[in-house]
Amino acid sequence: MRVSDRFFVKTRYLSFNTLKCKHMPTPTVDKFKKIALEFYDKWNFPNCVDSIDGKHIRLRCPKKSGSMNYNYKQFFSIVLMAVVDANYKFVMIDVGAYGKDSGGSIMSNSTFYQRINNGSFKLPEETKLPNSNMLAPFVFIGDEAFPLRNYLMRPFPRKQTQENAKSYYNYRLSRARMTVECAFGILSSMFRIFLKSIETKVENADHIVKTICILHNTIIDLEKKNMTSTQHSTNSNDIDMSYDHQMLRLNSGGRSNNRATRTAIAIRSNFVNFFMENRI
């Protein structure tokens, strides 16, 4: 590597990490508690620390990549896995998974998932749900592409939603999970590069995506503007849905090892009961 190239790589690394420390810091227990309060206040979902989803980032066909980056929607991509707070800011991101992988597989290989499982990533202790005696842990929320876990709530399958309680739970979860969909919609609207194939090497595309996510957070922080009022007045048809956001929820493959535990099922049942007792 030439001296000029080494300087460029080092400068890019330092700039990204400087902005990340300020605009996407590693969340603490106290930060998660604050996010959970905002989710309940703005989206009526208690004990929710973040919403999670993935977006396929369209690429020009990478050289010698074979089918690794060729996804089920029949274009080449890498995946942006994002954890988003109640105000559409990225709390954590994981970029670079192969486009061919399913949502559950991408999550299980992400830094986020590994840190949760090895105990290096701390969530607040379980607490009573508001106006209730039911204990519940703090959880992330995702769509049907993700497995049900003690720390991750997902919707019930459609065939089970004939039951009013399960259908209403799905509504409340989907309403709160709009935050991650809106965050992806904002990215596509503000940074038009996401509306076409990125014509560069895969490793460069990784850096571009990370940088844009940091810029997204920086803009929100610098403007100090409550974006919630704008997004609440925006219906789903107003958000730029080009390429369907390439959401991972459309790919439900690879779930053979995603069977929920009894504890996770019981936790979801507590949320179901809470929502039925606290309808909005």
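Check the entry above for the structure.
Report on the accompanying structure. Quick caveat: nothing in here was measured; it's all calculated off a predicted structure. Within each chain, residue numbers correspond to sequence positions counted from 1 in written order. The predicted origin of the model limits local features to residues at a pLDDT of at least 70 and limits the giving and counting of side-chain atom pairs to 80 or more, whereas totals for whole chains, interfaces and linings rest on all residues. For the side-chain quantities, the full set of heavy atoms in the structure was used; hydrogens and water were omitted.

What about the overall build of the protein?
Looking only at helices and strands, one finds eight helices and seven strands in the protein. In the protein, the share of contacts with a sequence separation of at least 24, taken over all contacts with a separation of at least 6, comes to 71%. Accessible surface, the protein: about 14400 Å² in total, of which carbon and sulfur atoms supply 51%. Secondary structure elements are taken from DSSP: a helix is a run of H or I of four residues or more, a strand is a run of E of two residues or more, and numbering for both begins at the N terminus. Contact criterion: two residues are considered in contact whenever any of their non-hydrogen atoms come within 4.5 Å of each other. Residue burial considers only the protein chains on display, and all accessible areas are found by Shrake-Rupley using a 1.4 Å probe.

Brief notes about the pairing of strand 1 (residues 48-58)
Only protein chains enter the accessibility calculation, which uses a 1.4 Å probe; a residue whose area is less than 20% of its type maximum is buried, one above 50% is exposed, and one in between is partly exposed. Within strand 1, 11 of the 11 residues are buried, leaving the element largely enclosed by the surrounding structure. Pairing between two strands requires that DSSP report at least two bridges joining them. Both strand 1 and strand 6 (residues 139-141) contribute to a ladder of three bridges, which runs parallel. Bridge pairing links Ser51 to Ile141 in strand 6. Pairing of strand 1 with strand 2 (residues 77-84) involves eight bridges; the strand directions are antiparallel. Residue pairing in the sheet places His56 in a bridge with Val79 of strand 2.

Focus: the packing of aromatic side chains
Centres within 6.5 Å make a pair out of two Phe, Tyr or Trp rings, where for Trp the six-membered ring is used; the pair is then stacked when the planes are under 30 degrees apart, edge-to-face when over 60, and tilted otherwise. Across all of its chains, the model carries 10 aromatic pairs by this definition. Both rings, one in Phe32 and one in Phe140, keep their centres 6.1 Å apart while their planes meet at 90 degrees; by these two values the pair is edge-to-face. Of this pair, Phe32 sits in helix 2 (residues 29-43) while Phe140 sits in strand 6, and the two are 108 residues apart along the sequence. By relative accessible area, Phe32 is classed as buried at 0%.

Topic: helix 5 (residues 164-190)
By this rule the span expected of a helix is its residue count minus one, scaled by 1.5 Å. Between the first and last C-alpha of helix 5 there are 39 Å, a value that for 27 residues agrees with the 39 Å anticipated at 1.5 Å per step. Here the bend at each residue means the angle between axes fitted to two seven-residue stretches, the one ending at that residue and the one beginning there. The sharpest bend along helix 5 measures roughly 30 degrees and falls at Arg177.

A closer look at the pairing of strand 2
Among the eight residues in strand 2, eight count as buried, and that is most of the element. Burial of the side chains of strand 2 extends over both faces: Ser77, Val79, Met81 and Val83 are buried on one face and Ile78, Leu80, Ala82 and Val84 on the other.

With respect to the nonpolar core
To define a nonpolar core, start from buried Ala, Val, Leu, Ile, Met, Phe, Trp, Tyr and Cys residues and group those joined through side-chain atoms within 4.5 Å. Residues Phe45, Phe90, Phe112, Phe140, Met153, Leu187 and Phe271 are the most contacted members of the largest nonpolar core, which totals 71 residues. Broken down by element, the residue count for this core peaks at 10 residues, all from helix 5. Excluding its chain neighbours within four sequence positions, the residues that come into contact with Phe112 are Ile52, Val83, Met92, Met107 and Phe140.

Quick word on the pattern of salt bridges
In what follows, salt bridge is the name for a side-chain nitrogen of Lys or Arg lying within 4 Å of a carboxyl oxygen of Asp or Glu. Tallying each qualifying case throughout the model produces five salt bridges. Taking the shortest distance from any N to any O, the salt bridge between Arg177 and Asp143 comes out at 3.9 Å. With Arg177 in helix 5 and Asp143 in the loop between strand 6 and strand 7 (152-153), the pair connects residues that are 34 residues apart, well separated along the chain. Asp143 gets classed as buried once you look at its relative accessible area, which sits at 1%. With a shortest N-O distance of 2.7 Å, Glu181 and Arg177 are connected by a salt bridge. In this pair, Glu181 and Arg177 both sit in helix 5, four residues apart, roughly one turn of the helix. Neither Glu181 nor Arg177 differs from the other in exposure class; each is buried. Salt bridges linked by common partners bring Asp53, Asp143, Arg177 and Glu181 together as one network.

Quick word on the side chain of Asp85
You can see Asp85 is positioned in the loop between strand 2 and strand 3 (90-98). For the purpose of counting charges, residues Lys and Arg are taken to be positive, whereas Asp and Glu are taken to be negative. His and the chain ends are not included. An unpaired buried charge is present at Asp85: no salt bridge exists, and Lys31, the closest side chain of opposite charge, is 5.1 Å distant. A polar atom in the side chain of Asp85 sits 3.2 Å from the backbone nitrogen of Tyr88. Aside from chain neighbours lying at most four places away, what touches Asp85 is Ile35, Phe39, Asp50, Val91 and Thr179. Here a polar contact is taken to be a pair of N or O atoms separated by no more than 3.5 Å, where protein atoms must pair a possible hydrogen donor with a possible acceptor and residues adjacent in sequence count only if both atoms sit in side chains.

Concerning the environment of Asn69
Note that Asn69 resides in the loop between strand 1 and strand 2. For Asn69, a relative accessible area of 4% gives the class buried. Here the alpha-carbon distance between Asn69 and Arg58, two residues 11 residues apart in the chain, equals 9.5 Å.

Some remarks on the packing of helix 2 against helix 5
Note on geometry: axes are lines fitted to C-alpha atoms, helical ones only across the stretch in contact, with angles between N-to-C directions running from 0 to 180 degrees. One can describe the packing of helix 2 onto helix 5 by two numbers: an axis separation of 10 Å at closest approach and a directional angle of 115 degrees. The orientation of helix 2 with respect to helix 5, classified from their angle, is roughly perpendicular. Regarding helix 2 and helix 5, the two cross each other, and that crossing is right-handed. Within the contact between the two elements, helix 2 uses Phe39, Lys42 and Trp43 and helix 5 uses Arg175, Ala176, Met178 and Thr179. In the scheme used here, Gly and all other residues not listed as nonpolar or charged are polar, with Ala, Val, Leu, Ile, Met, Phe, Trp, Tyr, Cys and Pro taken as nonpolar and Asp, Glu, Lys and Arg as charged. For the contact of helix 2 with helix 5, the per-class residue count stands at four nonpolar, one polar and two charged. Relative orientations are named as follows: roughly parallel for angles under 35 degrees, roughly antiparallel for angles over 145 degrees, roughly perpendicular for angles from 65 to 115 degrees, and oblique for any other angle. Definitions for this section: a left-handed crossing has its near helix turned counterclockwise from the far helix by less than a right angle. A right-handed crossing has that turn clockwise.

Just geometry here; none of it tells us what the structure is for.
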